[in-house]
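Structure assessment
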Amino acid sequence: MTKTALLEIRNLSRNFDGVLAVDDISFDVNTGEFVSIIGPNGAGKTTLFNLITGTDQPTQGQIQFEGKALVGLQPDQFAGRGLARTFQNGRVFGNLSVLDNVLIGAHSRRRDSRPRNLIGELLTALIQSPAAQAEEQQLRREAEAIIALFGERLTPRLNNPASSLSYANRRRLEIARALALQPRLLLLDEPTAGMNLTETAEMLDFILRLKQNGLTILLIEHKLTLVMELSDRVIVMDNGQKIAEGTPAVVRSDPRVIEAYLGRKQHQRDLTSEASQTPL
Amino acid sequence: MDHFLHLLFDQTVNGLVIGNIYALIAVGLAIIFGVGNLINFAHGSVYMIGAYVGWVCATRLHTPLYVSFVVVIVVCGLLGILIERFGLRGLQNSARIAPLLATIGISFMLDQLTQIIFSPDPQSFPNPLPQAPIVLGGTSIRPIDILIAVIGIGSAVILFLVLRYTKLGWALRATAQDRDAAQQMGVDVNAVNRTAFALASILAGIAGMLVGMYFQTVYPTMSFQAGLKGFSANLLGGLGNIPGAIIGGLVLGLIESYGVAAFGSSYRNLFAFVILIAVLIFRPNGLFNRKRQLPPEPLTGTFIANNRLIRLPRWVIIAAIVIAILFPLVVNNPYLLQVLTNAWLLGLVALSITLVTGTAGQTALGQAGFLAIGAYTSALLTLRLHWPFELALITAALVTGVLGTLLVLPVFRLRAYYLAIATIGIGEIVSQVILNWDSLTNGALGLTNIPPPSILGYQIVLPQHVYWYSLALLLTVVLLQWRLVRSSLGRVWRALREDEVAAQAYGINLYRYKALAFAISAFIAGLSGAFTAHMYTYINHETFTSSTSILALTMAILGGMGNILGAIVGSLALTILPEIFRGLVDYRYLFYGLVLVLLVRYRPQGLLGTE
């Protein structure tokens, strides 16, 4: 076993004023793999995502991505390493057009239109060198192509402000923005939250296509149907800790997992409604 | 040594007395911040009006002291209710900066009204208390000192009892903790807000009257400094923290008193602003609160409304430019040309604000500081080093760009109204440094005989030539800014305005792009300031005040935030309208304040829409 994982997480913890939101978590994600993180509300899944993508800093532990440490980098350096994420609550840039939102996703890939030094960047913006213009046009074409992946959902709204989009379309836009980064690891935080059955099914197909194209994906999701269908491996979190890990089939029958879900009254109903769609 | 101890004692008494005043102001701000989550900029004006009401009672009505206090309490209490009605209610769902802007507008109106009614000149306020100091073993205390101390401590105790033991206090505290939950539980939140504003305004009014008696003078401009110092005191103790506000007020009073004793009275105002900035940088939650966690939700820091942009056809814009250029050939009225020249120069300031606040989302209220840096740099380069005007102008703008960015750099991580306050503080610090750096700036006397603008050695003095010169500067900046805003750089700025966390996750270095936005903004403001200095040929530390910053912000909001054309439309409208209605010229700040209040309430997207 000389193969190193794409993402290696070792003993990661995040302490919020005495509350361990993430408690000594370790796991790997290999290139091309599809890993899901599930767990009851408040289990620490989103905090874990924040730690991996630099939105938050861990209290302890290490994160290695492609063999290089991520902990200690500035939050804006994570994108340059090839990590892209969507946000649980939806954080599109409301007053930017759909196209502009996706183009921001490609920000870290800019070379000619984003010189390293500040004065250079200012002058490039003012003068618009042919190279910078060409790059802008190229990224624009790519962005339109990404938006077209969602069929007729976003393309007709290319120049509309993101704030005018429906909830489901905002989630699609978030994924489009993340894809524009050409990520080597894509982190999706509840991409189907608030979507109806048709929209969820459509999203499942879309994510499946991304997986088939070889993209490495880390997913947080409550809809277990989706998780079971997509995942190569599932990690179960509860109270900040990893309580189980394995293939969907293994995790499904793990007594600790069942306890984590059914042992709490408030989640019993969630799971039953889940189960009514597809039996676990 | 004995002398030193006496001095120390006197300064301590002075500091505690003034500290008591600051504490009264700060406690009011804390109450309002607590229930309304609002920094009330009109608070200093209420304090000033309290002083004037006391003055009217003492010098016109000749009421006994206790009656005067009752009148102050009634008038300021009612004023507080009015401010709540127009500054807060109806803005609950607006951008978080909206109520702050509304209260700035209200303070403009109150200050100007006072000036109109009582003249801008200071009025002498006779102190009815016995003047003879009470001598206590070699040291002495005046009766007014004791009165202020008694009222200060008395108010604190009464307030504590009200908050702790009455139903009203219970409702106030409930609203402060969770507005929506309080409402659900049957608390009339509007009534609570009204009461909080009334209570806070009464405290401010009393403070104003006491200060009037203490210094035996009242003047309309006492409001701004007092409001900002009350805010500094409140911040020192932690925003919204009432005991903290009292301690903050006393500490600020002591620091100021010792500082004046050590450095001289011209430094008086510097201490509060340095403390303000230092607390914002190092302990934004005050001395007694713990550090705050990452805000969970996007917190838009500026004033951008979702709206449809109104695009003017290209030919309209070109026609407008042509008319502007040809105007002096047709109309040869020097006064009108001067007014329009002012509009172009203020238009530059509005452009500088619309870039940093509109496009990049960083609320900047300290442009006056940038104007002053540009003005002094260019004036000094031509006066002392005899540089040619053009070179001095560009150098001044560059210096302002660099210096301005360095000044704002420490407060970059602040957002929304914290940044707004910090930039005001930085603007004030610039003005105070200019005042006190005698050897360079000639201190309070200012710089005179600044050479007028020139081109290649030819002096530009004719009104139409100055007009064209300033218009050329404006059009150049418009062109450059237009290119910037439409480039990928402009897109990055707008992204960081919309959501800093998401922008960062996509590789946008916040500091880098904020620095760039502030640098360009300061550059443009510096250019305007420098040109203005040469046009006036005289400047001092008060040529550019916070009112200039607020006026330029109002112009930017009027036109539509981030909207380049809007900034110029806003500037033209606010410069020319008071002139058209001749009667308005004297009341222009009343008009500006009203425009700001109405805009924030009814048309936050401005005339042309935010971009």
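Residues numbered from 1 in each chain as written. Chains lettered and ligands numbered in written order. Predicted model: local features only at pLDDT ≥ 70, side-chain atom pairs only at ≥ 80, totals over all residues.

Quick look at the overall build of chain A
Within chain A, the regular secondary structure consists of 11 helices and 10 strands. The C-alpha atoms of chain A give 20 Å as radius of gyration, which agrees with the globular expectation for 280 residues (19 Å, within 12%). Each of the three principal axes of chain A carries a C-alpha extent, and together these read 65 × 40 × 40 Å. Looking at chain A as a whole, 43% of its 280 residues qualify as buried. (Helix = DSSP H or I, 4+ residues; strand = E, 2+ residues; numbered from the N terminus. Rg over C-alpha atoms; globule rule 2.2 N^0.38 Å. Buried ≥ 20, exposed ≤ 12 C-beta atoms within 10 Å, placed from the backbone.)

So, the overall build of chain B
When its secondary structure is counted, chain B shows 24 helices and six strands. For a compact globule of 611 residues, the expected C-alpha radius of gyration is about 25 Å, and chain B comes in at 25 Å, within 12% of that figure. Expressed as lengths along the three principal axes of its C-alpha atoms, the size of chain B is roughly 75 × 55 × 45 Å. Counting contacts in chain B only where the partners sit at least 6 residues apart, residues at least 24 apart contribute 79% of the total. (Contact = placed C-beta atoms within 7 Å.)

Details of the sheet that holds strand E6 (residues 83-85) of chain A
Residue and element names in this part refer to chain A. Read from one edge of the open sheet, six strands run E6-E7-E8-E3-E9-E10, paired in mixed fashion. Edge positions in the sheet fall to E6 and strand E10 (241-246), since each has one partner strand and no second. Each neighbouring strand pair of the sheet contributes to a mean axis angle of 15 degrees, computed without reference to strand direction. Looking at chain direction, strand E3 (residues 34-38) and strand E9 (residues 233-238) are connected through four bridges and run parallel. (Pairing = 2+ DSSP bridges. Axes fitted to C-alpha atoms, helices over the stretch in contact; angles between N-to-C directions.)

Observations regarding the pairing of strand E8 (residues 217-220) of chain A
One face of the sheet, then the other: side chains in a regular strand alternate in exactly this way. Residues and elements named next belong to chain A. What you see with E8 is no split at all: Ile217 and Leu219 on one side and Leu218 and Ile220 on the other are buried throughout. Bridging between E3 and E8 involves four bridges; their strand directions are parallel. Paired with Val35 across the bridge in E8 is Leu218. In the sheet, strand E7 (residues 185-189) pairs with E8 via four bridges, with the strands oriented parallel. Following the sheet pairing, Leu187 is matched in E8 by Leu218. Handedness of the crossover joining E7 and E8 through helix H7 (residues 197-212): right-handed. (Right-handed = clockwise from strand over helix to strand, strands pointing away.)

Brief notes about the confidence of the model for chain A
All names here are of chain A. Here chain A shows a mean pLDDT of 88. Residues at 70 or above account for 92%. Low pLDDT, under 50, characterises residues 265-269; the stretch is placed with three contacts to residues that sit more than four places away or in other chains. Predicted confidence for residues 271-280 stays below pLDDT 50, and this span has nine contacts to residues more than four positions away or in other chains. (pLDDT = per-residue confidence, 0-100.)

Structural notes on the packing of helix H19 (residues 488-498) of chain B against helix H21 (residues 510-536) of chain B
Residue and element names in this part refer to chain B. The contact between H19 and H21 brings their axes to 10 Å, and the two run at 115 degrees. Between H19 and H21, the angle is such that the two are roughly perpendicular. Between H19 and H21 lies a crossing of left-handed hand. Every residue of H21 that contacts H19 at Val492, Trp493 and Leu496 is listed here: Leu510, Tyr513 and Ala517. (Parallel < 35°, antiparallel > 145°, perpendicular 65-115°, else oblique. Left-handed = near helix turned anticlockwise from the far one by under 90°.)

Here's the deal with the environment of A:Thr192
All names here are of chain A. The topology assignment puts Thr192 in the loop between E7 and H7. Judged by C-beta crowding, with 22 C-beta atoms within 10 Å, Thr192 ranks as buried. When the C-alpha positions of Thr192 and Ala168 are compared, they lie 7.8 Å apart, and in sequence the two are 24 residues distant. Look past the residues within four positions of Thr192 in its chain and what remains in contact with it is Thr200, Met203, Glu221, Lys223 and Leu226.

Quick look at the nonpolar core
Residues and elements named next belong to chain B. Ile25, Val27, Ala207 and Leu348 are the most contacted members of the largest nonpolar core, which has 277 residues in total. At 16 residues, helix H8 (residues 189-215) tops the list of elements feeding residues into this core. Setting aside its immediate chain neighbours within four residues, Ile25 contacts His43, Tyr47, Ala204, Ala207, Ala226 and Gly230. (Core = buried A, V, L, I, M, F, W, Y, C linked by C-beta atoms within 7 Å.)

Quick notes on the pairing of strand E2 (residues 19-29) of chain A
Residue and element names in this part refer to chain A. Here seven bridges tie strand E1 (residues 7-16) to E2, and the two strands are oriented antiparallel to one another. Looking at E2, one finds that Leu12 is bridged to Ile25. Here E1 folds back onto E2, and the loop between the two strands holds two residues, one of which, Asp17, carries a positive phi near 45 degrees.

Section: the interface of chain A and chain B
On the side of chain B, 28 residues touch chain A, which itself brings 33 residues to the contact. Of all the secondary structure elements, the ones that give two or more residues to the side of chain A that touches chain B are helix H2 (77-80), helix H3 (98-105) and helix H4 (118-127) of chain A. It is H4(A) that contributes the most residues to the side of chain A that touches chain B, five residues altogether. Per-class residue counts for the side of chain A that touches chain B are 14 nonpolar, 11 polar and eight charged. (Nonpolar A, V, L, I, M, F, W, Y, C, P; charged D, E, K, R; others polar.)

Observations concerning the sheet that holds strand E4 (residues 60-65) of chain A
Residues and elements named next belong to chain A. Strand order in the open sheet made by the four strands is E2-E1-E4-E5, with antiparallel pairing throughout. The sheet is open, and its two edges are formed by E2 and strand E5 (68-69), each paired on a single side. As paired strands, E1 and E4 are joined by five bridges and run antiparallel to one another. Within E4, the residue paired with Leu7 across the bridge is Phe65.

Considerations on the confidence of the model for chain B
The predicted coordinates ought not to be read in detail in places where the model reports low pLDDT. Residue and element names in this part refer to chain B. Scored by pLDDT, chain B has a mean of 89; 96% of the residues are at 70 or more. Here residues 292-301 scores under 50 on pLDDT; set against residues more than four positions off or in separate chains, the count is 17 contacts. Per the prediction output, this complex has pTM 0.91; the corresponding ipTM is 0.90.

Things to note about unusual backbone geometry
One non-glycine residue, A:Asn11, lies in the positive phi region at around 50 degrees. Assignment of secondary structure puts A:Asn11 in strand E1. When the 12 C-beta atoms within 10 Å are taken as the criterion, A:Asn11 is described as exposed. In this structure, B:His386 takes a positive phi of about 55 degrees despite not being glycine. With respect to the helices and strands, the residue B:His386 is situated in the loop between helix H14 (367-384) and helix H15 (389-408). Of the residues examined, B:His386 has 9 C-beta atoms within 10 Å and is grouped as exposed.

Some thoughts on the environment of A:Leu96
Residue and element names in this part refer to chain A. In this fold, Leu96 is placed in the loop between E6 and H3. Note on Leu96: 21 C-beta atoms within 10 Å, which makes it buried. On a C-alpha basis, the gap between Leu96 and Gln128 in space is 21 Å, while along the polypeptide they are 32 residues apart.

Quick notes on helix H5 (residues 143-165) of chain B
Residue and element names in this part refer to chain B. The end-to-end C-alpha distance of H5 is 32 Å, a good match for the 33 Å that 23 residues give at a rise of 1.5 Å each. Looking only at H5, the buried set comprises Ile144, Ile148, Gly152, Ser155, Ala156 and Leu159. Buried residues belonging to H5 abut helix H1 (2-36), H8 and helix H10 (242-263). (Expected span 1.5 Å × (residues − 1).)

Looking at the packing of helix H2 (residues 43-61) of chain B against helix H3 (residues 65-88) of chain B
Residue and element names in this part refer to chain B. Relative to each other, H2 and H3 sit at 145 degrees, their axes nearing to 9 Å. Seen along the crossing, H2 lies across H3 with a hand that is right-handed. For the pair H2 and H3, contact is made by Val46, Ile49, Gly50, Val53, Gly54, Cys57 and Ala58 and by Val67, Ser68, Val71, Val72, Val75, Cys76, Leu79 and Gly80, respectively.

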